[in-house]
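Now for the letters of each chain:
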Amino acid sequence: MKCKNIRELLSTYIDDELSQADARAVEKHLRDCAACAEALTNLNQVVDIVADIPPVTMSEASAQRLEAAIEARLSPANKPMKTEEKTPWWKWFATPAFGAIAASAAVLAIAVVLTSPSLKTNVQQREMLSAPSAVEEKAAETEMGGTERMERSASITRAEINLLAEELSNQNPPAPKSDDGKTKNSDKTQADPEPDQSNQIGADEAATIAAGKKQIKLISSTINTFEGQEAWIVAFEVRDAGNKIRRFQVAAVSLSGRLLYLAN
Amino acid sequence: MAYDVLNDRELIDKYLAGETAAFSELVKRHQNPIYSLAFRVVGRAEEAEDLTQEIFIRLLDKVSMWRGEAKFSTWLYRLALNHCRDHLRRRRPETVEVNESLPSTGPDPAKGAETREVRQFIEAAMMELPIDFRAVIYLRDYAGFSYNEIASILEIELGTVKSRLARARSSLAGALGALRGASRSDREQIDTPGHLRG
């Protein structure tokens, strides 16, 4: 065999996965060819180096977050169901408790995020707008005893928010039904059927939004426990000036309207 | 109940029968390998942590679909890799600063600085490989899966495993050769008295 053919077999030879005949041919060639022997040495070094890379492990804090997220999902409110019975992620938001108050607080907060020049920084580290106290009061009323009181035993994690945003983008689902049976975003049929797959909104887009050329359209919202506090979990579309859907996003917003997390 | 003595199949059966603690044990058992895989694929600790959480949450829904034809770890790696691949597709292309994002792996007294440098260089070079090649070299040389298991995880033919692995290793060997060549050249520049250099 020629050197070219032998070189193609060296990797498999290292792993002892060649047929006996091929292995013998390689060994015979290596006895007479210093260049191929050196190539084998180099490949072996690479294999050794990669095998020698120290394992990376989750930090203690990260492992605890994972455990908490799993525990939350395993809680009675989220007890395991068979796959086919599982409610699609986005349907979490098709709850009758959807209301204008959530829209006010959440969309206001999100609008501020989207127009923030430091959009790409960690949203948690950013000072966000507090919604007017009237909004807070109304939200509190709704929580405490209003007819729109929601099931709030479930909690949601950042990872779940990310998954939800992903599901929305991947599935481009039909608009959830509102109480009166009408679709909330009934103009969705005009929307771009291929929304942008990237969930990140760049500074250029933020500037466009700030200039009023894009708009945010709320799909739905719900209250869940997020990182130890009650929060609106809102799903929304970002639309361009032509009312075409640019992307789907999901965010956690405190009841006072402060953005807590935006799906990445 | 001592779940840690049960195998993966037993844990999954118990979880599906309603014993949620069995799933927690399953997570504990596999979280570091999956985190490690995610980290080697995306190159960033924080992203890898989020991905690990997403993968196990997804596993909650999908675990009932594991029929046992493949080893559970093989099946889980496939689920995880597909998720990481989807994540990379969504992520905007950008340069990953591998040296900055690699977490500290602790003191390594047995290895000299040069060995560490070479290893970091190879880790960085791995991140430059296309994901399909990066995955195959990770699964074989780091995680120790067999060719058949890799074929199953990546859902590719055995021959493709061999050829991708050969190309990935050759690429890294080439990069290593270039590094050593450059180092040798630097040393010669330093060691050689000025009047002997052209």
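Scroll up for the structure.
Residues numbered from 1 in each chain as written. Chains lettered and ligands numbered in written order. Predicted model: local features only at pLDDT ≥ 70, side-chain atom pairs only at ≥ 80, totals over all residues. Heavy atoms only, no water.

A few words on the overall build of chain A. Scanning chain A from N- to C-terminus turns up 8 helices and 5 strands. Overall, chain A shows an N-to-C arrangement of helices and strands of α-α-α-α-α-α-β-α-α-β-β-β-β. Out of the 264 residues belonging to chain A, those deemed buried represent 48%. Pairs at least 24 apart in sequence give 63% of the contacts found in chain A among residues at least 6 apart. Split by element, the accessible area of chain A, about 12,900 Å² in all, is 50% carbon and sulfur. (Helix = DSSP H or I, 4+ residues; strand = E, 2+ residues; numbered from the N terminus. Buried < 20%, exposed > 50% of the residue type's maximum accessible area, 1.4 Å probe, protein only. Contact = heavy atoms within 4.5 Å. Areas by Shrake-Rupley, 256 points an atom, 1.4 Å probe, with all protein chains shown as cover.)

Residues and elements named next belong to chain A. At a minimum axis distance of 6 Å, the contact between helix α2 (residues 20-32) and helix α3 (residues 34-51) shows a crossing angle of 115°. Judged on the interaxial angle alone, α3 and α2 are roughly perpendicular. Contact with α2, carried on its side by His-29, Leu-30 and Asp-32, involves Ala-34, Cys-36, Ala-37 and Leu-40 of α3 and no other residues of that element. Residue composition of the contact of α2 with α3, by class: 5 nonpolar, 1 polar and 1 charged. (Axes fitted to C-alpha atoms, helices over the stretch in contact; angles between N-to-C directions. Parallel < 35°, antiparallel > 145°, perpendicular 65-115°, else oblique. Nonpolar A, V, L, I, M, F, W, Y, C, P; charged D, E, K, R; others polar.)

Attention now moves to the interface of chain B and chain A. If you look at the interface, chain B gives 49 residues, while chain A gives 51 residues. Across the chain B/chain A interface, buried area totals approximately 4,600 Å², and carbon plus sulfur atoms make up 60% of it. Counting across the interface, chain B meets chain A through 5 salt bridges. Arg-169 of chain B is the salt-bridge partner of Asp-15 of chain A, the closest N and O atoms lying 3.0 Å from each other. Scanning the region where chain B abuts chain A turns up 13 residue pairs in polar contact (both at pLDDT 80 or more). Only α2 (20-42), α3 (45-62), α4 (72-90), α6 (113-128), α7 (131-142) and α9 (158-191) of chain B provide two or more residues apiece to the side of chain B that touches chain A. (Buried area = accessible area lost by both parts, 1.4 Å probe. Salt bridge = Lys/Arg side-chain N within 4 Å of Asp/Glu carboxyl O. Polar contact = N/O pair within 3.5 Å; in protein donor to acceptor, adjacent residues only side chain to side chain.)

A few words on the state of the cysteines. Working definition of a disulfide: a covalent bond connecting the sulfur atoms of two cysteines. Using the criterion set out here, one finds 0 disulfides over all chains in the structure. Between Cys-3 of chain A, a free cysteine, and Cys-36 of chain A, which holds the nearest cysteine sulfur, the sulfur-to-sulfur gap is 3.7 Å. (Disulfide = S-S within 2.5 Å.)

All names here are of chain A. Looking at the secondary structure, you find Ala-23 in helix α2. In sequence terms Ala-23 and Ile-6 are 17 residues apart; their C-alpha atoms lie 9.8 Å from each other. Here Ala-23 is in contact with Tyr-13 and Leu-18, once residues within four sequence places are set aside.

With 85 residues, the main nonpolar core has Ile-70 of chain A together with Phe-23, Leu-59, Phe-72, Leu-139, Leu-154 and Leu-172 of chain B as its most contacted residues. Examining the composition of this core, we find that 11 residues originate from one element, α2 of chain B, more than from any other. Leave out the neighbours within four places in its chain, and Phe-23 of chain B touches Ile-70 and Leu-74 of chain A together with Tyr-15, Phe-56, Leu-59 and Leu-60 of chain B. One finds Leu-164, Ala-165, Ala-235 and Val-250 of chain A within the second-largest nonpolar core, a separate group that totals 15 residues. (Core = buried A, V, L, I, M, F, W, Y, C linked by side-chain atoms within 4.5 Å.)

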